[in-house]
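The chain contents come next:
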Amino acid sequence: MKRPVIFCDFDGTITLSDNIVAIMRHFDPPGWQPLVERIGAGEISIRDGVGRMFELLPSSMKDEITQFVFGTAGIRPGFSELLEFCRERGIEFLVTSGGIDFFVYPLLEPYPIPRERIYCNASDFSGERIRIVWPHPCDDECTNDCGMCKTTVIRRYPRDDYFRILIGDSVTDFAGAQLVDLVFARSHLIRKCEELGLPYVPYETFHDVVRHLQTIVKKESV
Ligand code: MG
Ligand code: ZN
């Protein structure tokens, strides 16, 4: 029997909105908007664009930025219930995030997720400007220059052994959605799945995800 594994996005999925966009919108360093537009248009990679956006901010703003994220980021309803469901059924749960460690780890602190199952980018505040560090780069099979490469993580769980499930919302999930066995989608990811003709399950809260998994997990594995 295949073992189920969940690859769950962070920004706009576990959190209600995208924290990088929220940070940029709030602190509004000159030049961030064209970078977002160029990422969206596929002119520059996510890694390049995100790296350049954070370089627009001085390292001295670390505390202020961190406080802002804690004050504004909300967690999508049902997240604890999903984690509990995974624990009960022995489903491996990974956070695969294009976000940055200084907000991803603290926001996930209240939840029982081992650190080694949280994949995100890292940060260096030792220089004058914020530098993003990329501990999980693309493998030879990915040419997207992702930064944190979700498909590289997914490929470590071979499809012959695992029933692979992705939960996501946006551009960092597009490539992974094409690899896995089941996609839970909201927002831009729904439009992408429609465009590619990929089957998906729409969700608004993690209660929706649990409800669907209760039927699937019975059928596919355990
Ligand atoms: Mg997202
Ligand atoms: Zn990649």
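Please refer to the structure higher up on the page.
Every value quoted in this text rests on a predicted model; they were computed, and no experiment measured them. (Residues numbered from 1 in each chain as written. Chains lettered and ligands numbered in written order. Predicted model: local features only at pLDDT ≥ 70, side-chain atom pairs only at ≥ 80, totals over all residues. Heavy atoms only, no water.)

Chemist: I'd like to hear about the packing of aromatic side chains, residue by residue, with values.
Modeler: Considering all chains together, one arrives at 11 aromatic pairs under this definition. With 5.4 Å between their ring centres and 50 degrees between their planes, Phe 79 and Phe 206 make a pair best called tilted. Separated by 127 residues along the polypeptide, Phe 79 in helix 5 (residues 79–89) and Phe 206 in helix 10 (residues 206–220) bring together distant segments of the chain. The exposure class of Phe 79 is buried, given its relative accessible area of 1%. For Phe 206, a relative accessible area of 0% corresponds to the buried category. One aromatic cluster is present, built from ring pairs that chain together Phe 10, Phe 54, Phe 102, Phe 103 and Phe 125. Between the NZ or CZ atom of Arg 115 and the centre of the ring of Tyr 105, over which it lies, the distance is 3.7 Å. (Phe/Tyr/Trp six-rings, centres within 6.5 Å; stacked < 30°, edge-to-face > 60°. Helix = DSSP H or I, 4+ residues; strand = E, 2+ residues; numbered from the N terminus. Buried < 20%, exposed > 50% of the residue type's maximum accessible area, 1.4 Å probe, protein only. Lys NZ or Arg CZ within 6 Å of the ring centre and 35° of its normal.)

Chemist: Talk me through helix 2 (residues 32–40); I want residue IDs and the actual numbers.
Modeler: Taken together, the buried positions of helix 2 are occupied by Trp 32, Leu 35 and Ile 39. Burial along helix 2 is one-sided: seen end-on, the buried residues are contained in an arc of 60 degrees. Turned more than 90 degrees away from the buried face of helix 2 sit Glu 37 and Gly 40, all of them exposed. Summarising the contacts, the buried residues of helix 2 are in contact with helix 1 (19–27) and helix 3 (46–55). In the segment just after helix 2, Gly 42 is the residue with positive phi, at about 75 degrees. (Arc of directions from axis to C-beta. Contact = heavy atoms within 4.5 Å.)

Chemist: Describe the coordination of the zinc ion (ligand 2), listing the residues and the values that go with them.
Modeler: Here the zinc ion (ligand 2) is held by the protein donor atoms Cys 138 (SG), Cys 142 (SG), Cys 146 (SG) and Cys 149 (SG), which lie 2.2 to 2.3 Å from it. Geometry at the zinc ion (ligand 2) is tetrahedral, judged from the four donor atoms that bind it and their angles of 107 to 112 degrees at the metal. Each donor residue of the zinc ion (ligand 2) belongs to the same chain, with the gaps between them written as C-x3-C-x3-C-x2-C. The exposure classification of Cys 146 matches that of Cys 149, with both residues buried. (Donors = N, O, S within 2.8 Å, 3.2 Å for Na, K, Ca; no water. Tetrahedral: all angles 85-135°; square planar, octahedral: opposite > 155°, others 65-115°.)

Chemist: Outline the coordination of the magnesium ion (ligand 1), supporting the account with residue identities and numerical values.
Modeler: Surrounding the magnesium ion (ligand 1) are the protein donor atoms Asp 9 (OD), Asp 11 (O) and Asp 169 (OD), which sit 2.1 to 2.2 Å from the metal. For the magnesium ion (ligand 1), all donor residues lie on one chain, and their spacing in sequence is D-x1-D-x157-D. Residue Asp 11 is located in the loop between strand 1 (3–8) and helix 1, and its partner Asp 169 is located in the loop between strand 5 (162–168) and helix 8 (174–177); the two are separated by 158 residues in the primary sequence.

Chemist: I'd like a description of the nonpolar core, backed by residues and values.
Modeler: Of all hydrophobic cores here, the largest spans 55 residues; its most connected members are Ile 23 and Phe 54. For this core, the leading source of residues is helix 10, giving six residues. When near neighbours in sequence (up to four residues on either side) are disregarded, Phe 54 contacts Ile 20, Ile 23, Met 24, Ile 100, Phe 102, Ile 130 and Ile 132. In this structure, Phe 7, Val 180, Ala 185 and Leu 189 belong to the second largest nonpolar core, which totals 17 residues. (Core = buried A, V, L, I, M, F, W, Y, C linked by side-chain atoms within 4.5 Å.)

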